[in-house]
Amino acid sequence: MMKETVLSRSVRMICVAGMAMSAQVAFAQEAAPAEAVQKVQITGSRLLSPSAESPTPLQILTSADIAASGAVNLQDLLLKNPTVGTPSLSRTNSNFLTSGGGVSTVNLRNLGDSRTLVLVNGRRFVSGVPGDTAVDLNTIPTDFIERVELLTGGASATYGSDAVAGVVNIILKKNFEGVTVDASTGKSDKNDDFKKKLSITFGTTSADGGSNIMGHFGYSKQGAVMSKDRPGLGAAVDQISLGAGVTGDAKDAYTPYAPFYSSFAPQGRFFWGPATGAGGGSYTYDKNGNPIAFSTNGSATLPASGFNRSEYRTIAVPTERYLFGTNGNLKLNENHNAFFEGTYAATKVDTNIEPFALDSANVFRPSGVVQGETLVNGVKVRNPIIPQYLWDRMTDTDGDGLKDYRFTRRLNEFGPRHSSVNRGTLRLATGLKGTLPFTNDWSYDAFVSYGRTTESQASTGQINIVNMRSALAGVPNPDIPGGVMCADAQARRDGCVPINVFGLGAISQDALKYVTAPGSLETSVTQKIAGGTITGELPFGLPAGPIGMAAGYEWRSEDSASVPDPLTQAGLNAGNAIPATYGSFIVREEFVETRVPLLKDKFLAKNLDFRGSFRHGDYSTVGSTNSWNAGLEWAPVSDVKFRGTRAVSTRAPNIGELYQAPAQTFPTVSDPCEGTKLTGTDPISVACRAAPGVAANMAANGGTFTLNQADRQGVSGYNKGNPNLTAEKGRSSTVGVVVTPTSIPMLSKFTFTADYFNIKIADAIISTPRQFALQNCYGGNTYYCRYITRRTAAEGSNSIGTLKYVDSSAENSGGFGTEGIDLTASWADKVGPGRLNAKISYTYLKTLWNRPEKDADKDEGAGELENPRNKAVLNLAYKWGNFGITTVTSYTGRVALDDQFVASAFDNPQDLAKLGSYTTTDFQLTYDVKKNFQLYFGMNNAFDKKPLPIITGLNGNTTGTETDASAYDPIGRRYYLGLRVSM
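Residues numbered from 1 in each chain as written. Predicted model: local features only at pLDDT ≥ 70, side-chain atom pairs only at ≥ 80, totals over all residues. Heavy atoms only, no water.

Draft legend 1. Representation of the overall build of the protein chain in the model. Looking only at helices and strands, the protein chain has 17 helices and 48 strands in total. Taken over the C-alpha trace, the protein chain has a radius of gyration of 31 Å; the compact-globule value for 983 residues is 30 Å, and the two agree within 12%. With respect to the principal axes defined by its C-alpha atoms, the protein chain has extents near 100 × 60 × 55 Å. For the protein chain, the proportion of its 983 residues judged to be buried stands at 59%. Residue pairs at least 24 apart in sequence account for 72% of intrachain contacts in the protein chain once pairs closer than 6 positions are excluded. About 37700 Å² of surface is accessible on the protein chain, with carbon and sulfur atoms providing 57% of the total. (Helix = DSSP H or I, 4+ residues; strand = E, 2+ residues; numbered from the N terminus. Rg over C-alpha atoms; globule rule 2.2 N^0.38 Å. Buried < 20%, exposed > 50% of the residue type's maximum accessible area, 1.4 Å probe, protein only. Contact = heavy atoms within 4.5 Å. Areas by Shrake-Rupley, 256 points an atom, 1.4 Å probe, with all protein chains shown as cover.)

Draft legend 2. Structural detail: the packing of aromatic side chains. According to the stated counting rule, one finds 23 aromatic pairs in the structure shown. Both rings, one in Phe585 and one in Tyr619, keep their centres 6.0 Å apart while their planes meet at 45 degrees; by these two values the pair is tilted. Residue Phe585 is located in strand 29 (residues 581-602), and its partner Tyr619 is located in strand 30 (residues 605-619); the two are separated by 34 residues in the primary sequence. The class for Phe585 is buried, based on a relative accessible area of 7%. (Phe/Tyr/Trp six-rings, centres within 6.5 Å; stacked < 30°, edge-to-face > 60°.)

Draft legend 3. Spatial organisation of the sheet that holds strand 5 (residues 166-172). The 5 strands are arranged 1-4-5-2-3 in an open sheet whose pairing can be described as mixed. Every interior strand has two partners, whereas the edge strands, strand 1 (58-62) and strand 3 (123-124), have only one. (Pairing = 2+ DSSP bridges.)

Draft legend 4. Region of the structure containing helix 16 (residues 770-777). Taken across its 8 residues, helix 16 has 7 buried, putting it largely inside the fold. Within helix 16 the residues assigned to the buried category are Arg770, Gln771, Phe772, Ala773, Leu774, Asn776 and Cys777. The inward-facing, buried residues of helix 16 abut strand 33 (663-665), strand 34 (717-720), strand 38 (788-790), strand 39 (803-806), strand 40 (808-812) and helix 17 (899-905).

Draft legend 5. Region of the structure containing the sheet that holds strand 33. With respect to topology, 4 strands assemble into an open sheet ordered 33-34-40-37, the strand pairing being mixed. Two strands in the sheet have a free side with no partner beyond their single neighbour: strand 33 and strand 37 (765-767). Going from strand to strand, the sheet's axes swing by 30 degrees on average, the running direction of each strand aside. (Axes fitted to C-alpha atoms, helices over the stretch in contact; angles between N-to-C directions.)

Draft legend 6. Fine view of a nonpolar patch on the surface. A contiguous nonpolar surface patch, about 520 Å² in accessible area, is contributed by Tyr322, Phe324, Tyr344, Leu426, Leu428 and Tyr450. Of all the elements in the fold, those that place two or more residues in the nonpolar patch are strand 16 (319-331) and strand 23 (417-435). In this fold, Tyr450 is placed in strand 24 (residues 443-459). On the basis of relative accessibility, which here comes to 32%, the residue Tyr450 falls in the partly exposed class. (Patch = residues over 30% accessible without salt bridge, like charges linked within 9 Å, V, L, I, M, F, W, Y side chains within 5 Å. Salt bridge = Lys/Arg side-chain N within 4 Å of Asp/Glu carboxyl O.)

Draft legend 7. Geometry of a positive patch on the surface. Taken together, the side chains of Arg646, Lys729, Arg731, Lys760 and Lys858 define a basic patch exposed on the protein surface. Locating Lys858 in the fold gives a position in the loop between strand 42 (834-851) and strand 43 (859-860). (Lys, Arg positive; Asp, Glu negative; His and termini not counted. Charge placed at Lys NZ, Arg CZ, Asp CG, Glu CD.)

Draft legend 8. Expanded view of the state of the cysteines. Applying the stated criterion across every chain yields a total of 3 disulfides. Here Cys486 connects covalently by a disulfide to Cys496, the sulfurs 2.0 Å from one another. The disulfide joining Cys486 to Cys496 has a torsion of about -75 degrees about its S-S bond and is therefore left-handed. Separated by 10 residues along the polypeptide, Cys486 in strand 26 (residues 484-486) and Cys496 in the loop between helix 9 (489-493) and helix 10 (509-515) bring together distant segments of the chain. Of the two residues, Cys486 and Cys496, both sit in the buried class. Paired through a disulfide, Cys673 and Cys688 show a sulfur-sulfur distance of 2.0 Å. Taking the sign of the S-S torsion, -90 degrees for the link of Cys673 and Cys688, the bridge is left-handed. In this pair, Cys673 is assigned in the loop between strand 33 and helix 13 (683-689) and Cys688 in helix 13, connecting sequence segments 15 residues apart. The pair formed by Cys673 and Cys688 is uniform in burial state, with each residue classed as buried. In the protein chain, the cysteines engaged in disulfides, taken in order along the sequence, are linked 1-2, 3-4, 5-6. (Disulfide = S-S within 2.5 Å.)

Draft legend 9. How the structure looks around the pairing of strand 29. Two strands pair when backbone bridges link them, and strand 28 (residues 545-564) and strand 29 are joined in this way by 15 bridges, in the antiparallel orientation. The partner of Gly548 across the bridge, within strand 29, is Arg595. Where strand 29 folds back on strand 30, the antiparallel hairpin that results is connected by 2 residues, among which Leu604 adopts a positive phi of roughly 55 degrees.

Draft legend 10. Structural view of the pattern of salt bridges. Here the structure, examined in full by the defined rule, presents 41 salt bridges. Between Arg417 and Glu354 there is a salt bridge, with its nearest N and O atoms 3.8 Å apart. Remark: Glu354 occurs in the loop between strand 17 (336-353) and strand 18 (357-359) and Arg417 occurs in strand 23; sequence separation between them is 63 residues. Look at Arg417 and you get buried, because its relative accessible area is 16%. Connected via shared salt-bridge partners are Arg91, Asp193, Asp969 and Arg974.

Draft legend 11. Representation of the environment of Ile761 within the structure. Relative to the helices and strands, Ile761 is located in strand 36 (residues 750-762). Along the chain, Ile761 and Gly815 lie 54 residues apart, while their C-alpha atoms are 5.2 Å from each other. In contact with Ile761, other than residues within four places in its own chain, are Leu111, Arg115, Val164, Glu728, Lys729, Gly730, Gly814, Gly815 and Phe816.

Draft legend 12. Structural view of the environment of Ser282. By the secondary structure assignment, Ser282 is in strand 13 (residues 281-285). Spatially, the C-alpha atom of Ser282 lies 62 Å from that of Ser624, the residues being 342 residues apart in sequence. Among residues more than four places away in sequence, those in contact with Ser282 are Arg269, Phe270, Phe271 and Trp272. Separated by 3.3 Å, the side chains of Ser282 and Arg269 make a polar contact. (Polar contact = N/O pair within 3.5 Å; in protein donor to acceptor, adjacent residues only side chain to side chain.)

Draft legend 13. A look at the side chain of Thr116. Take Thr116: it is sitting in strand 2 (residues 116-120). By relative accessible area, which is 3% here, Thr116 ends up buried. Among the polar contacts made by the side chain of Thr116, one reaches the main-chain amide nitrogen of Leu108 at a distance of 2.9 Å. Setting aside its immediate chain neighbours within four residues, Thr116 contacts Val106, Asn107, Leu108, Asp162, Ala165, Gly166 and Val168.

Draft legend 14. Broad picture of the side chain of Glu320. With respect to the helices, strands and loops of the structure, Glu320 is situated in strand 16. A polar atom in the side chain of Glu320 sits 2.6 Å from the side chain of Tyr219. Ignoring sequence-local partners within four residues, the contact set of Glu320 consists of Tyr219, Ser220, Lys221, Ala346, Thr347 and Lys348.

Draft legend 15. Structural context of the nonpolar core. By size, the foremost hydrophobic cluster in this structure holds 36 residues, and its most contacted members are Leu74, Leu78, Ile145, Val148, Leu150, Val168 and Ile170. Filtering out sequence-adjacent residues up to four positions away, Ile145 remains in contact with Ser63, Ile66, Leu74, Ile140, Ile170, Ile171, Leu172 and Lys173. By size, the runner-up hydrophobic cluster in this structure holds 34 residues, among which are Ile499, Tyr514, Val515 and Ala574. (Core = buried A, V, L, I, M, F, W, Y, C linked by side-chain atoms within 4.5 Å.)

Draft legend 16. Region of the structure containing the confidence of the model for the protein chain. On average, residues of the protein chain carry a pLDDT of 90, and 94% of them reach 70 or more. Across residues 1-38, where pLDDT falls below 50, the model places 116 contacts with residues more than four positions away in sequence or in other chains. (pLDDT = per-residue confidence, 0-100.)

Draft legend 17. Main features of the pairing of strand 13. Pairing analysis gives 3 bridges linking strand 12 (residues 269-272) to strand 13, with the strands arranged antiparallel. Along strand 13, the bridge assignment pairs Phe270 with Tyr283. When strand 13 meets strand 14 (residues 291-292), the two strands line up antiparallel, connected through 2 bridges. Directly across from Tyr285, in strand 14, lies its bridge partner Pro291.

Draft legend 18. Looking closely at the environment of Pro636. With respect to the helices, strands and loops of the structure, Pro636 is situated in strand 31 (residues 623-637). Take Pro636: its relative accessible area is 12%, and that puts it in the buried class. When the C-alpha positions of Pro636 and Gln59 are compared, they lie 23 Å apart, and in sequence the two are 577 residues distant. With residues near it in sequence (within four places) discarded, Pro636 still touches Leu604, Ala605, Lys606 and Phe642.

Draft legend 19. Structural detail: unusual backbone geometry. Cis peptide bonds are those with omega within 30 degrees of zero, and the linkage from Ala258 to Pro259 qualifies with 0 degrees. Topologically, Pro259 is positioned in the loop between strand 11 (256-257) and strand 12. The backbone of Asp944 sits at a positive phi, close to 55 degrees, despite the residue not being glycine. Following the sequence through the fold, Asp944 ends up in the loop between strand 47 (933-940) and strand 48 (974-982). Judged by relative accessible area, Asp944 falls into the buried class, the value being 13%.

So, in structure tokens, the structure goes:
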């Protein structure tokens, strides 16, 4: 009977991954009876073959690697691998997202999460992100994993759409016998990021060894890390890059300027008179309720009136998970087996940001004018809540004959904007596999699978705009001396309570209850798959051996929905309307693969094999797609093998890229119009003056376009889908060599691999870069001006002509490309009284470019933030008797900020220094108390390496962390202690 087994010496020739750690936790792995390897299957091929050699670079992480890392989430371990880029979603970069908080994704080659296909046991897994294909690694029980195979390079011909950058194939344990318990607890050096983990894995096998069932229960909890608790990062107090936000000098880029508070203050800021020109003014209140002039950050004569948002922000969101997994194999007879797989993950995540910043322009759009009087039976009646200080200065600014004012206010009485997210992911798969009748060497594998992810999000801290309008219009209550009631009779019948926004803590509980708008978001992703494969050898062959062949069919259905609460859909909670998003597609695919042995046991040809595959897909959204792969393996001698592939991969747009309704975000951008003049004749000045409100801003500021602090902090934008997208096509080439000098005694324990990679993606689907859109809009390409909205009038503390929205939508761009070299070297042997295992992996990134549009120049990203040219990891493990130690040292090379941002943000971009390299070290100590009882202690970021200063105002900053938390560790040193017991 054909049997898949763990990869042995052939896999070691490909990647030699996992060896550095395997000695540390081998006691916990139940050894299967020795059995001759007949045929195996590896990631990148559907063929079963007598060896596990692959023409495509493959790296492997074993269950021992996972155990030695102390990782609760697989993402933590994958990020150490140099081929893995920065993820779009993680615990430390998702706090401000309206959806996706706490999700953990993977991004091979930094080509995007959606171009990395995640498989479980060689089959697709349901997405954890609505509208996307990215899998949430929170849903995969780490202690249930046997190994993880990382295939870099196009693999769409084998697995279908999305495998443009490569494949992460997660192989779960099977044929497990006994019970293993793993429990640990830990925390950070700053007494937060508390961690608890418990996992129980169990299994049993039938007496004849033909059937097996196993299960897994896992629980983990990771605590929050708050910005206010990281003063060493500069995250405890609002700040900004001195160079980007104040001086414009590149030499000041990494110098923090603090405080740089928000101009939306909890005591409010109130404006009278015209928004521009003479006759207007503003004031706020001190802590005793006295009117004073407003000074956001304070001055020599005034205290700071602004608000410290960092007091509420979260660096790492708290995440709690319950995980269940099971799989089994039932032997029906000698030639047929039934199998099943099941996983369920329940994840709870809480995100937390500062209280809502309300501008009266959110309530009374677009002017923000609040009437201070109401006509009652034709008579003007003053709102008694309005303080005399403001009333005496108010005028009629909109020509309706009634006094009015404007305001901005931080709604502290509402509490922080908090979202509690509950996700559930269910995935079931079952099928049959075995040997086809009347054949000896043709096998089949047929399966069906069902996956569904649901998300239920409840949020607080938002405002009901309709009720707020009514509450701001107060008149005297004739039934209560000195009382106030809402002016509108229908609003009163609906429970309206007048609101007082003047001063700190002025909003009453009754008014708060009336204007509060609890939010909700319900999302779902459903995946259904049916497929089958046959594989075997043709009845005819070549002198070098039989010709292998595989063929199959797959049907897949995907649908996704994202439904906000009714107020959000109607735009009545102080934001733009965000409608519900629905979408679905169906794809039918046929595929074929072959392996042709060309030469074997000849001079300078120990073996020479050709591999080829082809897949045709028919999508309900984009029509037909074709992918193919061709590769050669040549081993002139047994110790050296050369390999190469050429592949064409396709990726159809996902549901979100096609149908996503506008979703709000708060980007960091630099306005190209800043500093331009009324008298300027250069193209940028001319283009800026033509934009709404810009010329008026210049006229109000002595002829120069000027931004205040609120303008810099007040840029928002929306991400949108595009139903007119077409499929993108990637072309990848890899050429490499594997050296395993087993015939040389002194080098027999050494393995070396070197691989060159080149990936180019045509018509790549991207979200238009916001800074690129700004530069092009005012640089002569008016097509991009459609993404930009400026304020046509002053709105609260925001000036006329300033950026209000810079949007981004999915587009088929001019493409992506990357090129570089991967190197690995490993060695293992007895040293002194114990055994040493060592492995180093290194990636050199020569280029990583994109073209935002087809005719644009390449925008080079290699060497910029998140795309270092040099990245490496060194794994060392030493086992001596009952003691063991493992270390993992990760290195990230020097980087620069994005060149387009630098050109627009600084007056002297040539003087901007690069950011230094970044190295962290993790280690774990183990002690085997008994054969099946191990204690372990570990430290992550053991030397407490501080992240690079990607300060607010710099492109790449993760809000609340004062660094790029996708690329660098914002938490610091962490400890954990645990035990493993095997029975």
